[in-house]
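So the chains spell out like this:
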Amino acid sequence: MARETIATLPNAVSLSRLGMAAAFPMLDDPEARLLLIAAAGATDFLDGYLARTRGESTRLGALIDPIADRCFVLVAVLVLWADDTATPAQLIALSIRDLVVMVAFFATRGVAMFRDFGFTARPAGKVATVLQLAVLATAYLYPPAFAPGVIAVAAVSLVALGDYGLAFWRGRRAA
């Protein structure tokens, strides 16, 4: 079986979010951070669009995209916490889904009977990611909306985790 190449335009767009994540803590200007949040959201849409329209959807790309998303969001949330914008509870609420999904992904790769389970984008997960990015932006645009936004992210994240869990359970049973 031929190996998939990482050298595709959609993968490059996804991987750009890792560079954005690395740059985020180095920026002190709120407008520059907002620009990176917007760019992360745009590239999250663009990579999938390019993969579908160019016929370059791959299993590798399907792994790179959510990992890049999770890295960007986690770094941005940690920066908010380090800047005393987010409390420890808000930090947990904004990142728990990302951490659980990453742990579940690596755990399933370590158990032979679960390796064939495909971690694919789920609508609830996409909504949670968009909402996370929007709430990160509110920390800079309109701070009073940040705390209620965190609660909304936590609620949508619980729904997304339930949806992923149900998909995993059904996929496990089908295998």
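These numbers come from a predicted model, not from an experiment. (Residues numbered from 1 in each chain as written. Predicted model: local features only at pLDDT ≥ 70, side-chain atom pairs only at ≥ 80, totals over all residues. Heavy atoms only, no water.)

Novice: With reference to specific residues and values, describe the layout of surface pockets.
Specialist: In this structure, the largest pocket encloses a volume near 700 Å³. Lining the largest pocket are 36 residues, with Ala-62, Asp-65, Pro-66, Ala-121 and Lys-126 positioned closest to its centre. Of all the secondary structure elements, the ones that give two or more residues to the lining of the largest pocket are α1 (9–23), α2 (30–53), α3 (59–82), α4 (88–110) and α5 (123–141). Each residue belonging to the lining of the largest pocket can be placed in one class, and the counts come to 16 nonpolar, 10 polar and 10 charged. (1 Å grid on protein atoms, 1.4 Å probe; cavity = no way out; pocket = protein on both sides within 12 Å on 5 of 7 lines; lining within 4 Å. Points joined across faces, edges and corners; volume = space filled by probe spheres on them. Helix = DSSP H or I, 4+ residues; strand = E, 2+ residues; numbered from the N terminus. Nonpolar A, V, L, I, M, F, W, Y, C, P; charged D, E, K, R; others polar.)

Novice: Provide a residue-level description of the pattern of salt bridges, including the pertinent values.
Specialist: Within the structure shown, the criterion is met by 11 salt bridges. The salt bridge partner of Arg-17 is Asp-44, with a shortest N-O separation of 3.9 Å. With Arg-17 in helix α1 and Asp-44 in helix α2, the pair connects residues that are 27 residues apart, well separated along the chain. Judged by its relative accessible area of 9%, Asp-44 falls in the buried class. Notably, a salt bridge pairs Arg-17 with Asp-47, separated by 2.9 Å at the nearest N-O pair. In this pair, Arg-17 sits in helix α1 while Asp-47 sits in helix α2, placing the two residues 30 residues apart along the sequence. Of the two residues, Arg-17 and Asp-47, both sit in the buried class. Connected via shared salt-bridge partners are Arg-17, Asp-44, Asp-47, Asp-65, Asp-69 and Lys-126. (Salt bridge = Lys/Arg side-chain N within 4 Å of Asp/Glu carboxyl O. Buried < 20%, exposed > 50% of the residue type's maximum accessible area, 1.4 Å probe, protein only.)

It is worth stressing that arrangement in space is one thing and function is another; only the former is reported here.
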